[in-house]
Amino acid sequence: MRSRLIIHAGFAKCGSASIRTALFQNFRKLQKDNVFVFDKDLRIARTAADLIGTPIWCLEQARKHSENLTRRLSAEIAPLLKRKGQHLAILSAENLANPGMADLLAGLDSQCDVSVIFYLRPQLQWIPSAWKQWGLKTGSSLSDFVAQCIDTRTPAFRRDIESWKSALPAANIHVRFFIPELLAGGNPAQDFFNLLGLSEKEYKFESEARNPSLDVSVLHVLSKNPHLFSDVHDNSLTLPLTRALSKKFRSTNIQMLSAEQEARIEECFRDENRWLLNTYCSDVDADRIYRMHFMPRTTEARYPDMTEYELIYRCLGIILESIVSSGGQSDRGKNKNQGRDSVRVEEG
């Protein structure tokens, strides 16, 4: 009997956090179903706590030192063969789609049955999302970030998928589009479980996104203050902000790109996107999907059309409202505690 290994190789900003969360939340049930997950140190997780953190940094170190991980992963999977029934091991890390990562696992497809799964999203959505996650922390404007992505043809979905096909020629390649109507259950976590042959009815899935955005005005002000971030991976400010702001300000509420930027992006990635759809989405109307999700959209309000004053004053209003709201909650908590204290005094 050969081991069955699923490699969720990314891409970044394409639902990886939701998939990782689902694996964590359903850990015990997965174990009972003979499904095992690699932890941040590339070991088979023994407890759900082992899944806190991701393997991305361990993989980055391996790439830095050109370390082939085939023997290491095979050694972790080998003991699973002693278990009764079929088993499945999962390695999930969004940076596995990065250049050079596929080579780290070359030869693994001769050791076990490997399936490599990618999730990708239209560049019209991916580029603004990547700017929010990384670009604004460097002080780069969205306009400059778009120009850089077009110049470097980033994200390079086709190139990175092809590199995996070359490194693991015997592996099964699955490419899924981060488009709700193309995903089982409408989200990547349920789609991932469904793709593995696991009935989504038996597992729990969150309904809200794991990486919510922030109001466009807050994003704009953050991009003007890169000194607040130590590096592009620093979330010490954005995470508390996400928790502090009310739900209505935890989403992008305006089209981020200008009509010209959308047209340039569509033209730059047109051939690649049509190839991806025709190759990996042949069971649906690829032309309709392309028109709906990969072409420029008509909208009345856009971020580039807002003035500096509009953005700053809107951000100030949001901050003031959040301060008042948090103060009100604090006062209610104090009153509640005072009420409890007074009851204790009366009872004594």
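What comes next is a walk through the structure. Because the structure is predicted, anything quoted here is derived from the model rather than measured.

## Focus: the packing of aromatic side chains
Inference 1: Applying the stated rule across the entire model yields ten aromatic pairs.
Inference 2: Between Phe192 and Phe193 the ring centres are 6.4 Å apart and the planes differ by 65°, which places this aromatic pair in the edge-to-face class.
Inference 3: Here Phe192 falls in the buried class, since its relative accessible area comes to 0%.
Inference 4: Between Phe193 and Tyr203, the aromatic rings sit 5.1 Å apart at their centres with planes inclined by 70°, giving edge-to-face as the arrangement. Linking Phe193 in helix α8 (residues 188-195) with Tyr203 in the loop between α8 and α9 (216-223), this pair joins segments that are ten residues apart in sequence.
Inference 5: The exposure class of Tyr203 is buried, given its relative accessible area of 7%.
Inference 6: Aromatic ring contacts, followed pair by pair, group Phe11, Phe118, Phe157 and Trp164 into a single cluster.
Inference 7: In this structure, Arg153 is placed above the aromatic ring of Phe269, and the distance from its NZ or CZ to the ring centre is 5.8 Å.
Inference 8: A cation over a ring is seen here: Arg158 above Trp275, with NZ or CZ 3.8 Å from the ring centre.

## Digging into the sheet that holds strand β1 (residues 4-8)
Inference 1: Spatially, β2-β3-β1-β4-β5 is the arrangement adopted by the five strands of the open sheet, whose pairing is parallel. The open sheet has two edge strands with one neighbour each: β2 (35-37) and β5 (172-177). The average undirected angle you get between the axes of adjacent strands in this sheet is 20°.
Inference 2: One ladder, built from four bridges, connects β1 with strand β3 (residues 88-92); its direction is parallel. For Ile7, the partnering residue across the bridge sits in β3 and is Leu91.
Inference 3: Sitting on the sheet, helix α7 (residues 157-167) is in contact with β1, β4 (113-120) and β5, with an inclination near 175° to β4.

## What to know about unusual backbone geometry
Inference 1: The omega angle of the peptide bond from Gly10 to Phe11 is 5°, so this bond is cis rather than trans.
Inference 2: Along the polypeptide, Phe11 turns up in the loop between β1 and α1 (16-25).
Inference 3: Geometrically, the link from Thr154 to Pro155 is a cis peptide bond, its omega value of 10° lying close to zero.
Inference 4: Position of Pro155 among the secondary structure elements: in the loop between α6 (142-152) and α7.
Inference 5: For Leu42, which is not a glycine, the phi torsion comes out positive at approximately 65°.
Inference 6: As for its placement among the helices and strands, Leu42 is situated in the loop between β2 and α3 (56-64).
Inference 7: Looking at Leu42, the relative accessible area reads 1%, which means it is buried.
Inference 8: Unlike most non-glycine residues, Ser66 shows phi in positive territory, near 50°.
Inference 9: Note on placement: Ser66 falls in the loop between α3 and α4 (70-77).
Inference 10: Assessed through its relative accessible area of 64%, Ser66 is described here as exposed.

## Structural notes on the pairing of β3
Inference 1: Of all five residues in β3, five are buried; the element is thus mostly enclosed.
Inference 2: Of the two faces of β3, the one carrying Leu88, Ile90 and Ser92 and the one carrying Ala89 and Leu91 are both buried.
Inference 3: Both β2 and β3 contribute to a ladder of three bridges, which runs parallel. Residue pairing for β3: Val35 is matched across the bridge by Leu88.

Reading the values: the criteria
- Residues numbered from 1 in each chain as written.
- Predicted model: local features only at pLDDT ≥ 70, side-chain atom pairs only at ≥ 80, totals over all residues.
- Heavy atoms only, no water.
- Phe/Tyr/Trp six-rings, centres within 6.5 Å; stacked < 30°, edge-to-face > 60°.
- Buried < 20%, exposed > 50% of the residue type's maximum accessible area, 1.4 Å probe, protein only.
- Helix = DSSP H or I, 4+ residues; strand = E, 2+ residues; numbered from the N terminus.
- Lys NZ or Arg CZ within 6 Å of the ring centre and 35° of its normal.
- Pairing = 2+ DSSP bridges.
- Axes fitted to C-alpha atoms, helices over the stretch in contact; angles between N-to-C directions.
- Contact = heavy atoms within 4.5 Å.

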